[in-house]
Amino acid sequence: MRPVVCIADVMQNAWEKERDRRAAARSAGEQPKEPRWLIPLCGKLANVLVVGGGGCGKTRIITKVLVVLFTAFWGPRGCLRTAYSNKAARGIGGKTCFKIAKIIPQRTHFLGLRVTDDEEQKALERVWVPAGALVKDEFSQEPGPMENALCLRAAYARAPTYGFDASTYAARGRSFGDLPIAVTCGDELQLPPVPDTSSLLAPTEGRSREHRCGVEIFRDQTWVFRLTTAFRFTGHDSQCAILEMMRKPGGCSLTAAQWKELQATDVAREATLQGTEAYAHCSYAWSSVCVGQAERSRTSAKMAGATLFVIPAQDHICDRTAREIRDLELAKLALQHPNMNDMNHLPGIALLHVGMEVRCTLTLHQTEVPPDTVGTVQWIDLHPDDRAGAAEHGAPLRLLTRFPKAVAIKIGGCDKQFLPPKPCARHASARACADCPDCKFFKGVFLVEPVDAAVGSKPRAWKIEVQDGNGNAYDLKGYRRQVPLTTTRACTLFTVQGATTHDGLIFHWVFPNRISKEARWLATYVALSRTPSLQLLRSIGMTRKIRELIEQGPPVGVIHRFAELFDEKLQMSDKLAAELLQKHGWV
């Protein structure tokens, strides 16, 4: 209620001012065309930062309150919703920062942010000119240069229409092209971007000019609010108390009862995996995620009574001779590399069956199928070499020797016709009839073909280091071709950040040796705050080292940096909100 009442109050004042201006114009005999918006689309009203731990209602405030409020005043295109990752953006019904800024990740430097032609300018204007509000979620994932890029591109988009001076894009109170309202949500105690030095809360010394500008834009907040009530956690256990204890600076010890509850989630102790078929496998380490992908795919096929097709990727190693590749089995080592992100987001082994819920790992359609789009496999068009005898092949697992021609998936909530309809016998000579029950229409069905790059992009070479069984290391470079689909039931911790795993979570407590203690603590906090209760959590490897991580307390650098930037505004904002709640009778 506190952030909402402050935003509503400043918008109410702006609306009354605009109402009086229009009334005065009519009294003076002027009959201007009434604009659709109720408040002018240019002129900063407020920048608002809303922070809070997992499950405190940030997403609900965005989707159920702020979006409704902003669209009521500025129309259906009046509220832009965005986040750095596709998963987080889709969680609030928005698009990624790259999408609304009309850039690719390689263009976040100042030179790359320039508008290249009229077509790009028009594309930017279509997004930003009708908007009166911007809502950004999961700011902890966003690098500093991206904040700068988003703000500058908004200025370029809005400058011609509103007479905005783009050179002042980062000035106090002028951010995002003088957009009236900008709301940023998230939790400072979440996983930072990679590398963590690019975080909005990281020190700016020695960083790029783009990063420093991004941090200055981020700190330009009118009000800052912290939400403390946890709505996600519904279990009658110590989960909420443990998470509150973890957030205390300096650390705090678990009680014997709390540690016992956490140990009870470990499958090596009291917990069982029976009834966890719908649980998601998750880990910080890709090696564990790969195990989870295989296990969840097999379980899904078994429950569906379907054949699970095994589709190996095709890697072309371009910096080794054919003899080296054969004798050293380098192609096999590349296939075994667990981190899918290192391989241009294409899995080494695709495991698919009809009826399986999958997610796309690449952009397959510029507007309708971005990364992390979820769909259900409808059919798999096998290659003729694999199709022979497929009907008689009753094995639950089948290795394909060639890529399938395509995998058809039905995208949830999508009504677009990607495929032509199939008319029945009566309408074969004409066209398929929408009213005919026998004519087949394929709403939301998209054909996914084997690819080596996202749609509209050129193939990029991957570069990795692999080791054989004797410990010999090899640097490899090459290209991969694969079906860009994988199960939705196994993912890295970065993917579930900001989401609630209502069905349950199986978490592998494995961390790479190279990551810091602070990053391990953040990963631990994120993992423990995903499920609504500890009863829905299964742990693999809940050892005493995890207890030590829990008790060490949050990263000092992040806490101090956030306090340095926003402590005074937190106190001022709470005081103002209390007065406004009383003024408007919201208490």
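For the structure itself, consult the block above.
Reference entry: report on the structure contained in this document. Only a predicted model underlies this, so the values are computations on that prediction, with no experimental measurement involved. (Residues numbered from 1 in each chain as written. Predicted model: local features only at pLDDT ≥ 70, side-chain atom pairs only at ≥ 80, totals over all residues. Heavy atoms only, no water.)

**Quick notes on the overall build of the protein chain**
Here comes step 1: When you go through the protein chain residue by residue, the secondary structure sums to 18 helices and 21 strands.
Here comes step 2: Over its C-alpha trace the protein chain gives a radius of gyration of 26 Å, about what one expects of a compact globule, namely 25 Å for 587 residues.
Here comes step 3: Referenced to the eigenvectors of the C-alpha coordinate spread, the extents of the protein chain come out at roughly 85 × 75 × 50 Å.
Here comes step 4: Each of the 587 residues in the protein chain was classed as buried or not, and the buried ones make up 52%.
Here comes step 5: Pairs at least 24 residues apart make up 76% of the contacts formed inside the protein chain by residues separated by at least 6 positions.
Here comes step 6: In the form shown here, the protein chain has an accessible surface area of approximately 27,900 Å², with 52% of it arising from carbon and sulfur atoms.
Here comes step 7: Each charge class in the protein chain can be summarised by its mean position, and for the 76 positive and 61 negative side chains these summaries are 3 Å apart. (Helix = DSSP H or I, 4+ residues; strand = E, 2+ residues; numbered from the N terminus. Rg over C-alpha atoms; globule rule 2.2 N^0.38 Å. Buried < 20%, exposed > 50% of the residue type's maximum accessible area, 1.4 Å probe, protein only. Contact = heavy atoms within 4.5 Å. Areas by Shrake-Rupley, 256 points an atom, 1.4 Å probe, with all protein chains shown as cover. Lys, Arg positive; Asp, Glu negative; His and termini not counted. Charge placed at Lys NZ, Arg CZ, Asp CG, Glu CD.)

**Comments concerning the environment of Ile515**
Here comes step 1: Tracing the backbone through its elements, the reader meets Ile515 in the loop between strand S20 (505-508) and helix H16 (517-528).
Here comes step 2: Excluding residues within four positions of it along the chain, Ile515 makes contact with Tyr284 and Arg520.

**Topic: the layout of surface pockets**
One way to see where empty space is left: roll a probe the size of a water molecule over the atoms.
Here comes step 1: If you add up the space inside the second largest pocket, you get close to 740 Å³.
Here comes step 2: Taken together, 34 residues make up the lining of the second largest pocket; nearest its centre are Thr59, Arg232, Gly498, Ala499 and Thr500.
Here comes step 3: Elements supplying a minimum of two residues to the lining of the second largest pocket: helix H2 (58-74) and helix H3 (86-91).
Here comes step 4: The class makeup of the residues in the lining of the second largest pocket is 7 nonpolar, 16 polar and 11 charged. (1 Å grid on protein atoms, 1.4 Å probe; cavity = no way out; pocket = protein on both sides within 12 Å on 5 of 7 lines; lining within 4 Å. Points joined across faces, edges and corners; volume = space filled by probe spheres on them. Nonpolar A, V, L, I, M, F, W, Y, C, P; charged D, E, K, R; others polar.)

**Observations regarding the sheet that holds S20**
Here comes step 1: An order of S19-S7-S20-S21 is seen for the 4 strands of this open sheet, with the pairing classed as parallel. At either margin of the open sheet sits one strand with a lone partner, and together these are strand S19 (490-492) and strand S21 (537-540). Mean inter-strand twist for the sheet, computed between neighbouring axes without regard to direction, equals 25°.
Here comes step 2: The pairing of strand S7 (residues 280-283) with S19 spans 3 bridges and is classified as parallel. (Pairing = 2+ DSSP bridges. Axes fitted to C-alpha atoms, helices over the stretch in contact; angles between N-to-C directions.)

**Brief notes about helix H1 (residues 2-27)**
Here comes step 1: If you check H1, its first and last C-alpha atoms are 38 Å apart, about what 26 residues at 1.5 Å a residue would give, namely 38 Å.
Here comes step 2: All buried positions along H1 are accounted for by Pro3, Val4, Val5, Cys6, Ile7, Asp9, Val10, Met11, Ala14, Glu18, Arg22 and Ala25.
Here comes step 3: Here the buried face of H1 lies against strand S1 (46-52), H2, strand S5 (181-186), strand S6 (223-227) and helix H18 (556-583).
Here comes step 4: Just downstream of H1, Gly29 is the residue with a positive phi angle, here 90°. (Expected span 1.5 Å × (residues − 1).)

**As for the nonpolar core**
Here comes step 1: Counting residues in each nonpolar core, the largest one holds 48 residues, and the members touching the most others are Met246, Leu262, Leu493 and Ile550.
Here comes step 2: With 8 residues, the single largest contributor to this core is H16.
Here comes step 3: Setting aside its immediate chain neighbours within four residues, Leu493 contacts Leu191, Cys282, Ser283, Tyr284, Phe507, Ala523, Val526 and Ala527.
Here comes step 4: Formed by 34 residues, the second largest nonpolar core is a distinct cluster that contains Ile7, Ala14, Val50 and Ile181. (Core = buried A, V, L, I, M, F, W, Y, C linked by side-chain atoms within 4.5 Å.)

**Quick look at the packing of H1 against H2**
Here comes step 1: Packing of H1 against H2 brings their axes to within 12 Å, and their N-to-C directions diverge by 5°. Between H1 and H2, the interaxial angle falls into the category roughly parallel. Packed against H1, whose contacting residues are Val4, Ile7, Met11 and Trp15, the element H2 presents Ile61, Val65, Leu66, Leu69, Phe70, Phe73 and Trp74 at the interface.
Here comes step 2: Residue classes in the contact of H1 with H2 are distributed as 11 nonpolar, no polar and no charged. (Parallel < 35°, antiparallel > 145°, perpendicular 65-115°, else oblique.)

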